[in-house]
Amino acid sequence: MTEKENDFDLIVLGAGSAGLGLALFMAKADMRVLLIDKTAEDVGGDCLNHGCVPSKALIHASRQVHQARQATQFGLQVSGAADMAQVMDYVASRQDIIRHHENPEYLREQGVTVEIGSPKFVGEHEVEINGHTYRGRKLAVATGSRPRQLDVPGAELVPLYDNQRVWDLRQLPARLLVVGGGPNGVELGQAMQRLGSQVTIVHHGPRLLEHEDATISQVLEERLRAEGLTIHFNAEVTSFSSATHARVQPKEGTEFGLDFDIGYVAIGRQVSFEGLQLEKAGIEVDEDGHIQLDEHLTTTNPDIVVAGDAANSLKFSHGAELHMRLLVFNFFSPIKKKLDYDHFSWVTFTDPEVAHFGLDEPELKKRGTSYERWETNFADDDRAVVDEHRYGRLLLFIEKNLLPIPGQKRRILGGAMVAPGAGELIQELILANTSGLGISAIFDKVYPYPVAARINQKLIVDHQQITPLMQLGLDVAFKL
Ligand SMILES: Cc1cc2nc3c(=O)[nH]c(=O)nc-3n(C[C@H](O)[C@H](O)[C@H](O)COP(=O)(O)OP(=O)(O)OC[C@H]3O[C@@H](n4cnc5c(N)ncnc54)[C@H](O)[C@@H]3O)c2cc1C
Ligand SMILES: NC(=O)c1ccc[n+]([C@@H]2O[C@H](COP(=O)([O-])OP(=O)(O)OC[C@H]3O[C@@H](n4cnc5c(N)ncnc54)[C@H](O)[C@@H]3O)[C@@H](O)[C@H]2O)c1
């Protein structure tokens, strides 16, 4: 290659959600882009290969099995057990479909130069890979994160899986020990229980999904227990005395033993920049090994940015998309945008789903924002009655105006929902939140009866109060 051919507008390290988004967008904008990943099979990153896609496919399969069993209440006869090999074949087939547009050949067709190998920085704008040096005007580190390991005595004896290896399972374990009650642990734990495993979750914290409001987590916990999962809170696995026996220590109380067949470790993620020689590019890391970033996701080298899990903030595929949007805006605009999670949302794809958006109560309190907490269960919602999800729960934080002036906009600051399909039901609330719409945007709608999303309006209608002044106005208007 000539020297010119080795010059790029953008070099991206890592072809996961963040790197792919950045590379494809910049190539579309006619920029010269070099995208690097370790192997061709790694392209697509964790989301396609070990995370979102296989986990959602597994959840889909397990829901089919669960719903078939639920239908026995209507006289349907269901027998037999799910075949794990067939389930995993289904999972792999879904990944294969998505791989059609997440692979080196496809990317090259889109105008992206792709290199496979182990890159390292050799200068402030230079990266070396496979014996060649490439220069980028801008460079992006999008190397993702990896699962945290369970480092306790005896772990080496045990068949311990994490999200990188679990998709190789061909047989359903009779007893599955899940360590960690975050989104990863609860999604996989419920799916495996539905497929036929007996699942036990051992969780450090006092409740599942610790980023959620306690009232929301509690509904999920009750549903999971009703399906047969065992959950130990405030507890940790302290050692393994054999390949199938764990010792568990609750924060308060006596240590106990747990028998299992395989373990699934879902205790969070860690970033690692091993081998990248960040120091050669002038990229500083803090004492925990995290890259020092400003509010524009720029490192201590002004031409090198970080995107996705590697930035070590909220770790989601659409978090990577948010980063990508911010970075491309800032690449082209003289006015720079700052990273802002105020309208960010996420969904945990359990059944019921748990959806979350905007600011939560601890954050509102921290900011001293005036708000009201409105919540409802779904017990009296007609759709919830017929579809059997009266246990659902919706929580909203509504802007509180200091003076009760009629016609004032009251914005929806944040909220959460736990219900089947909550991730879809909550989308109109997210739109209102993102666009700064007031509660009247929901109040004024006429919903087709009986769509499940009417619950959004019900909560708002239930909280409308007629003040004495309004009552007087109504009385006069009616007489006239
Ligand atoms: C079980 C599970 C389920 C999940 N489900 C969801 C979900 O439903 N929705 C959601 O939004 N998020 C979900 N996530 C999170 C989501 O997968 C991640 O946030 C997302 O993949 C991060 O994208 P990324 O591009 O930052 O990193 P990655 O996708 O990890 O991509 C990083 C890429 O960099 C490459 N790389 C690493 N080091 C180097 C190196 N030295 N040189 C070259 N290349 C390198 C890797 O091979 C990889 O391809 C889930 C995560 C897990 C674990
Ligand atoms: N639907 C989704 O969007 C989705 C699904 C799965 C994962 N993810 C993402 O993947 C990442 C990883 O998920 P995760 O659930 O592993 O991480 P997490 O950090 O969100 O949750 C892990 C939980 O494990 C607990 N824990 C830590 N050490 C423990 C120990 N030794 N024993 C018992 N419990 C322990 C922690 O208290 C924490 O609540 C997250 O950032 C998440 O955003 C997203």
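Residues numbered from 1 in each chain as written. Chains lettered and ligands numbered in written order. Predicted model: local features only at pLDDT ≥ 70, side-chain atom pairs only at ≥ 80, totals over all residues.

**Overview of the overall build of the protein**
Of regular secondary structure, the protein possesses 15 helices and 22 strands. Expressed along its principal axes, the backbone C-alpha trace of the protein runs to roughly 85 × 60 × 45 Å. Among the 480 residues that make up the protein, the fraction classed as buried is 40%. Residue pairs in contact within the protein that sit at least 24 positions apart in sequence constitute 65% of those at least 6 positions apart. (Helix = DSSP H or I, 4+ residues; strand = E, 2+ residues; numbered from the N terminus. Buried ≥ 20, exposed ≤ 12 C-beta atoms within 10 Å, placed from the backbone. Contact = placed C-beta atoms within 7 Å.)

**A closer look at the UniProt feature "binding site: FAD" (unreviewed entry) in the protein**
In the numbering adopted here, UniProt assigns the feature "binding site: FAD" (unreviewed entry) to K56, T143, G144, S145 and D309. For the residues just named, distributed over 254 residues, the greatest C-alpha separation reaches 22.5 Å, placing them at more than one site. Residue position: S145 is located in the loop between β6 (132–141) and β7 (146–147). What S145 contacts, discounting residues up to four positions off in sequence, is R269, Q270, V271, D309, A310 and K315. (UniProt positions renumbered as here; feature names shortened; annotations may be inferred.)

**A closer look at the packing of helix α3 (residues 52–70) against helix α4 (residues 84–99)**
α4 packs onto α3 with a crossing angle of 135° between their chain directions and a minimal axis gap of 9 Å. Comparing the axis directions of α3 and α4 gives the class oblique. Considering how the two elements wind past one another, α3 and α4 form a crossing that is right-handed. For the pair α3 and α4, the contacting residues are V53, P54, A57, L58 and A61 in the first and V87, Y90, V91, R94, Q95 and I98 in the second. The class makeup of the residues in the contact of α3 with α4 is nine nonpolar, one polar and one charged. (Axes fitted to C-alpha atoms, helices over the stretch in contact; angles between N-to-C directions. Parallel < 35°, antiparallel > 145°, perpendicular 65-115°, else oblique. Left-handed = near helix turned anticlockwise from the far one by under 90°. Nonpolar A, V, L, I, M, F, W, Y, C, P; charged D, E, K, R; others polar.)

**Looking at the site of ligand 2**
Around ligand 2 sit 24 residues in total, of which G180, G182, N184, G268 and K315 are the nearest. Of all the elements in the fold, those that place two or more residues in the shell around ligand 2 are α6 (183–195) and β18 (345–348). (Near = placed C-beta within 6 Å.)

**Observations regarding the domain arrangement of the protein**
Each assigned domain of the protein is listed here: domain 1 (3–44 + 102–147 + 270–332), domain 2 (155–267) and domain 3 (345–465). The gap between the C-alpha centroids of domain 1 and domain 3 is 37 Å. (Domains from an automatic or database assignment.)

**Thoughts on the sheet that holds strand β11 (residues 230–232)**
The strand order across the open sheet built from five strands is β8-β15-β9-β10-β11, with neighbouring strands paired in parallel fashion. Across the chains shown, the open sheet's two edge strands, defined by having one partner strand only, are β8 (160–161) and β11. Across five bridges, the pairing between strand β9 (residues 175–179) and strand β10 (residues 198–202) is parallel. Its bridge partner being in β10, V179 is matched across the sheet by V202. Of the strands in this sheet, β9, β10 and β15 (262–265) are in contact with α6, which crosses β10 at around 160°. (Pairing = 2+ DSSP bridges.)

**As for the site of ligand 1**
Near ligand 1 you find 37 residues, and of these G14, G16, G45, G144 and G308 are the closest. Looking at the shell around ligand 1, the element that brings in the most residues is helix α8 (residues 317–332), giving four residues. Classifying every residue of the shell around ligand 1 gives 13 nonpolar, 17 polar and seven charged.

**Regarding the sheet that holds β18**
Pairing is antiparallel across the open sheet formed by five strands, whose spatial order is β18-β19-β22-β21-β20. Only two strands of the sheet have a single partner each, and these edge strands are β18 and β20 (371–377). Direction aside, the axes of adjacent strands within the sheet are offset by 10° on average. As judged from the four bridges shared by β18 and strand β19 (residues 353–358), these two strands associate in the antiparallel manner. Bridge pairing in β19 places V347 opposite A355. Across the sheet, helix α12 (residues 427–435) is in contact with β18, β19 and β22 (412–419); its angle to β22 comes to roughly 165°.

**Things to note about α8**
The end-to-end C-alpha distance of α8, which contains 16 residues, comes to 23 Å, matching closely the 22 Å that a straight helix rising 1.5 Å per residue would cover. Those residues of α8 that sit buried are S317, G319, A320, L322, H323, M324, L326 and L327. At its buried positions, α8 is contacted by α1 (17–28), α2 (45–49), α3, β6 and β17 (304–306). (Expected span 1.5 Å × (residues − 1).)

**So, the packing of α1 against α8**
Put simply, α1 and α8 touch, their axes get as near as 8 Å, and they point 35° apart. Viewed along their axes, α1 and α8 form a crossing whose handedness is right-handed. Taken together, the residues of α8 that come into contact with α1 (itself represented by S17, A18, G21, L22, F25 and M26) are S317, A320, E321, H323, M324, L327 and V328. Class assignment for the residues of the contact of α1 with α8 results in eight nonpolar, four polar and one charged.

**Topic: the pairing of strand β21 (residues 393–399)**
Here β21 lies mainly inside the structure; six of its seven residues are buried. Here seven bridges tie β20 to β21, and the two strands are oriented antiparallel to one another. Its bridge partner lying in β21, E375 is registered against L395. Sheet topology places β21 next to β22; six bridges connect them, and they run antiparallel. Looking at β22, one finds that L396 is bridged to G415.

**Here's the deal with the environment of G414**
Structurally, G414 can be placed in strand β22. Exposure remark for G414: the 27 C-beta atoms within 10 Å place this residue in the buried category. For the pair formed by G414 and H356, sequence separation is 58 residues and the distance between their alpha carbons is 7.8 Å. Discounting chain neighbours no more than four positions away, the residues touching G414 are F357, G358, L359, D360, F397 and N433.

**Thoughts on the pairing of strand β14 (residues 256–259)**
Pairing geometry for strand β13 (residues 245–250) and β14, over four bridges, is antiparallel. Residue A246 lies in a different strand from β14, and its bridge partner there is L258.

**Quick word on the environment of L469**
Turning to its location among the elements, L469 is positioned in helix α15 (residues 468–479). The exposure class of L469 is exposed, given the 10 C-beta atoms found within 10 Å. Spatially, the C-alpha atoms of L469 and F443 are 21 Å apart, while their sequence positions differ by 26 residues.

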